[in-house]
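# Per-entry structural report
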Number of protein chains: 2
Amino acid sequence: MTEQPAQTTTAGDPATARGEQTRQLIRDTAMRLFRERGYAQTTMRAIAQEAGVAVGNAYYYFGSKDHLIQEFYAQSQVEHRAAAQPVLDREEAFGPRLAGVLHAGIDVLTPSHGFAATFFKTAAEPTSPLSPFSAESSGPRQAAIELFGEVLTGSTAKIDAELRPQLPELLWLAYMGVILYWVHDRSPGQTKTRQLIDGAVPLIDRLVALSRLRVLRPVTRQVLDLIRTLRH
Amino acid sequence: MTEQPAQTTTAGDPATARGEQTRQLIRDTAMRLFRERGYAQTTMRAIAQEAGVAVGNAYYYFGSKDHLIQEFYAQSQVEHRAAAQPVLDREEAFGPRLAGVLHAGIDVLTPSHGFAATFFKTAAEPTSPLSPFSAESSGPRQAAIELFGEVLTGSTAKIDAELRPQLPELLWLAYMGVILYWVHDRSPGQTKTRQLIDGAVPLIDRLVALSRLRVLRPVTRQVLDLIRTLRH
DNA sequence: ACCCCTTCTTGAACATGTTCAACAATCGCC
DNA sequence: GGCGATTGTTGAACATGTTCAAGAAGGGGT
């Protein structure tokens, strides 16, 4: 009845731990139900029942309902990376590369807008391991920042030497801002978010170019000093 | 045993609805317990018990536990306004006025950092009436924006005519950013947030001044157009 | 084959936010 | 002062995330 995930035992793929299959089953079931019913409307009991396991078993693999969200993040990050590849291959100028990668991120998230928005709040809690700034999510975060590093690496743009090393993380931060806007975006098809990207990228592009001007050097340095101070 | 809130009937103060007293009692009890135990550790049953009412009674006045947070917001806003008054009376230059108001906001919130951070996540959920962008909180939001309007009104700074009307809301948005940083700030006494304010204000000051330059006019206009587009 | 140890699984029990039908108190009006 | 309508109050019942003691399954050494 349900599209069964490819869970043939895959003898060649060494599922390290015994319960790896169960783990994936629970995860896939949860993802499906989240998409079908939304996050709040999906109970742990429903997940367990649909997956054919006991409730407690889900908690053996995932510390809490919130932890299931992390799976969503990780999955989205991988999809984002894949969706961005064509852009990185095609474009050479900084602006189009950045715009393409940002659009790719929203492309990936769009099918989940309804329910993703509902639970992105969990990410906002500082004490939560789900916060994009938390230690637990440093893996996916590094991968995301790396993606913006590639935006620069392949770009033909000339960038201020002092700004350069900070830029990937700053672009990632901008991406977080875009997502925050997207989450609140109620316009049909989230058109506004697309406009935000298309409007903001030229500004960022110009700003990055301007940062090399001698007259603006002090400002650039002041900004960078502040950022370095704030990141402990 | 508990410090009883001033709940003498206050015959002169016409408590419009009959249950106004009960409402305040529940609210004050909740605020006290939140401060004492934190948000998650304070159960609705505990609030009801300490206030000497039934659980259901709390739900008569506040739609949910989350709605009690709104009281905290409203209260904080009023305190912020009061704490900002001396600064507005004293300072005349734009920079010091802005810095003073931002610091005043953090001053007010500081005693609650421990638990405020825990529940600020609720504010991040777009569907929640607690979101600072939601219709329900438009009252407090307008009041907050108005406060930043006063930062400008009393200021001696010369400001671009086109930017001027948008600026209060932009400054409020910056304040939201400061709060977001504060929430995640783990440095002792949230020193980092203070540094953020002291570092960012001069930049904003300079930026506002620069916006009047003829050469930067196109950029200014581009930014303002984007903002106008995005606010529906 | 046997035994021990780790890994995995179970489902009932618990904690807590929320609802709701019933009841009580108060008010407006005659 | 009496009476219907509005407002306020109650606490048990419900829904759901989470825990945990018990046991099953499997692996490895002898």
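See the structure printed just above.
Along every chain, residues carry numbers that run from 1 in the direction the sequence is written. Chains and ligands are labelled by the order in which they are written, letters from A for the one and numbers from 1 for the other. Selection of residues for local features in this predicted model requires a pLDDT of at least 70, selection of side-chain atom pairs for listing and counting requires 80 or more, and totals for whole chains, interfaces and linings are taken over all residues. Hydrogens and waters are ignored; side-chain quantities use all the structure's heavy atoms.

Residue and element names in this part refer to chain A. Every axis in this analysis is a line fitted to C-alpha atoms, fitted for helices over the stretch in contact. Angles between the N-to-C directions lie between 0 and 180 degrees. Numbering of helices and strands runs from the N terminus; a helix is a DSSP stretch of H or I covering at least four residues, while a strand is a stretch of E covering at least two. Close contact between helix H4 (residues 65–90) and helix H7 (residues 138–153) brings their axes to 11 Å; oriented N to C, the two are set at 5°. The orientation of H4 with respect to H7, classified from their angle, is roughly parallel. Residue-level inspection shows Gln77, His80, Arg81, Ala84 and Leu88 of H4 in contact with H7, the latter providing Pro140, Ala143, Ala144, Leu147, Glu150 and Val151. For the contact of H4 with H7, the residue count by class is seven nonpolar, two polar and two charged. An angle below 35 degrees is read as roughly parallel, one above 145 as roughly antiparallel, one from 65 to 115 as roughly perpendicular, and any other as oblique. Contacts: residue pairs with any heavy atoms within 4.5 Å of one another. Three classes are used: nonpolar for Ala, Val, Leu, Ile, Met, Phe, Trp, Tyr, Cys and Pro, charged for Asp, Glu, Lys and Arg, and polar for all others, with Gly counted as polar.

Time to look at helix H8 (residues 167–184) of chain A. Residues and elements named next belong to chain A. Between its first and last C-alpha, H8 extends 26 Å over 18 residues, near the 26 Å set by a 1.5 Å rise per residue. Exposure categories follow from relative accessible area, calculated using a 1.4 Å probe and restricted to protein chains: below 20% of the type maximum is buried, above 50% is exposed, and the middle band is partly exposed. What H8 keeps buried is the set Leu167, Pro168, Leu171, Trp172, Tyr175, Val178, Ile179, Trp182 and Val183. End-on view of H8: buried residues confined to an arc of 165°, all on one side of the axis. A helix is expected to reach a length of 1.5 Å times the quantity of its residues less one. An arc is given here, and it is the one of the directions from the helix axis to the C-beta atoms.

Turning next to the protein's contact with DNA strand D. Neighbouring residues of DNA strand D: 20 residues in total, closest A:Met44, A:Arg45, A:Lys65, B:Tyr60 and B:Tyr61. Protein-proximal atoms of DNA strand D, defined as those within 4 Å of the protein, fall in sugar or phosphate at a share of 60%. Here a polar contact is taken to be a pair of N or O atoms separated by no more than 3.5 Å, where protein atoms must pair a possible hydrogen donor with a possible acceptor and residues adjacent in sequence count only if both atoms sit in side chains. Within the side chain of B:Tyr60, a nitrogen or oxygen atom sits 2.8 Å from a phosphate oxygen of DNA strand D. If you list the elements that add at least two residues to the surface near DNA strand D, you get helix H2 (44–51) and helix H3 (55–61) of chain A together with helix H3 (55–61) of chain B. Considering only residue class, the surface near DNA strand D consists of eight nonpolar, seven polar and five charged. Consider each residue's heavy atoms; a residue with any of them within 4 Å of a molecule or strand counts as near.

Before going further, it helps to examine the nonpolar core. Ranked by size, the top nonpolar core spans 59 residues in total, and within it B:Ile26, B:Phe34, B:Ile47, B:Leu98 and B:Phe148 carry the most contacts. Apart from residues lying up to four places away in sequence, B:Leu98 is in contact with B:Phe148, B:Val151, B:Leu171, B:Val201 and B:Ile204. The term nonpolar core refers to a set of buried residues drawn from Ala, Val, Leu, Ile, Met, Phe, Trp, Tyr and Cys, joined through side-chain atoms within 4.5 Å. Counting 56 residues, the second-largest nonpolar core is a separate cluster that includes A:Ala144, A:Leu147, A:Leu171 and A:Ile197.

Every one of the 20 residues lining DNA strand C counts as a neighbour, but A:Ala54, A:Tyr61, B:Met44, B:Arg45 and B:Lys65 are closest to it. Restricting the count to atoms of DNA strand C within 4 Å of the protein gives a sugar and phosphate share of 62%. In this structure, a phosphate oxygen belonging to DNA strand C sits 2.9 Å away from a side-chain N or O atom of A:Tyr60. With respect to DNA strand C, the backbone of B:Lys65 contributes an N or O atom lying 2.8 Å from a phosphate oxygen. Contributing elements (two or more residues each) for the surface near DNA strand C: H3 of chain A together with helix H2 (44–51) and H3 of chain B. With four residues, the top contributor of residues to the surface near DNA strand C is H3(A). Of the residues contributing to the surface near DNA strand C, the split by class is eight nonpolar, seven polar and five charged.

Within the secondary structure, B:Thr191 sits in helix H9 (residues 191–210). One polar contact links the side chain of B:Thr191 to the main-chain carbonyl oxygen of B:Pro188, over a distance of 2.6 Å.

Residues and elements named next belong to chain A. Salt bridges, as used here, are contacts in which a Lys or Arg side-chain nitrogen is within 4 Å of a carboxyl oxygen on Asp or Glu. Evaluated as defined, the whole model comprises 26 salt bridges over all chains. The salt bridge involving Glu169 is made with Arg231; its shortest N-O contact spans 2.6 Å. Of this pair, Glu169 sits in helix H8 while Arg231 sits in the segment after helix H10 (217–230), placing them 62 residues apart in sequence. By relative accessible area, which is 32% here, Glu169 ends up partly exposed. On the basis of relative accessible area, Arg231 is assigned to the partly exposed category, the value being 36%.

Positionally, B:Thr193 belongs in helix H9. B:Thr193 has contacts with B:Ile106, B:Val178, B:Tyr181, B:Trp182 and B:Asp185, leaving out every residue within four places of it along the chain.

As for its placement among the helices and strands, A:Arg141 is situated in helix H7. In contact with A:Arg141, other than residues within four places in its own chain, are A:Pro132, A:Phe133, A:Ser134 and A:Trp172.

Before going further, it helps to examine the environment of A:Thr42. Residue and element names in this part refer to chain A. By secondary structure assignment, the location of Thr42 is in the loop between helix H1 (20–37) and H2. Distance in space between the C-alpha atoms of Thr42 and Arg32 is 9.9 Å, their sequence separation being ten residues. The contact partners of Thr42, leaving out residues within four places of it in the chain, are Leu33, Phe34, Arg37, Ile47 and Lys65. In this structure the side chain of Thr42 is engaged in a polar contact, spanning 3.3 Å, whose partner is the backbone oxygen of Leu33. Here the side chain of Thr42 touches Gly38 through a polar contact of 2.6 Å, landing on its backbone oxygen.

The next subject is empty space enclosed by the protein. All names here are of chain B. A cavity, in this analysis, means grid points on a 1 Å lattice covering only the protein atoms where a 1.4 Å probe fits yet has no way out; a pocket is instead an open set bounded by protein on both sides within 12 Å along at least five of seven lines, and a residue lines either one if it has an atom within 4 Å of a point. Grid points are joined across faces, edges and corners, and a volume is the space filled by probe spheres set on the points. Inspection of every chain in the model, using the stated rule, returns one cavity of 30 Å³ or more. Size it by volume and the largest cavity reaches roughly 40 Å³. Taken together, Arg35, Phe72, Gln75, Ser76, Glu79, Val108, Leu109 and Ser112 make up the full set of residues lining the largest cavity. At the level of elements, helix H4 (65–90) and helix H5 (94–109) are the ones that each hand at least two residues to the lining of the largest cavity. Here the lining of the largest cavity gets four residues from one element, more than from any other, and that element is H4. Classifying every residue of the lining of the largest cavity gives three nonpolar, three polar and two charged.

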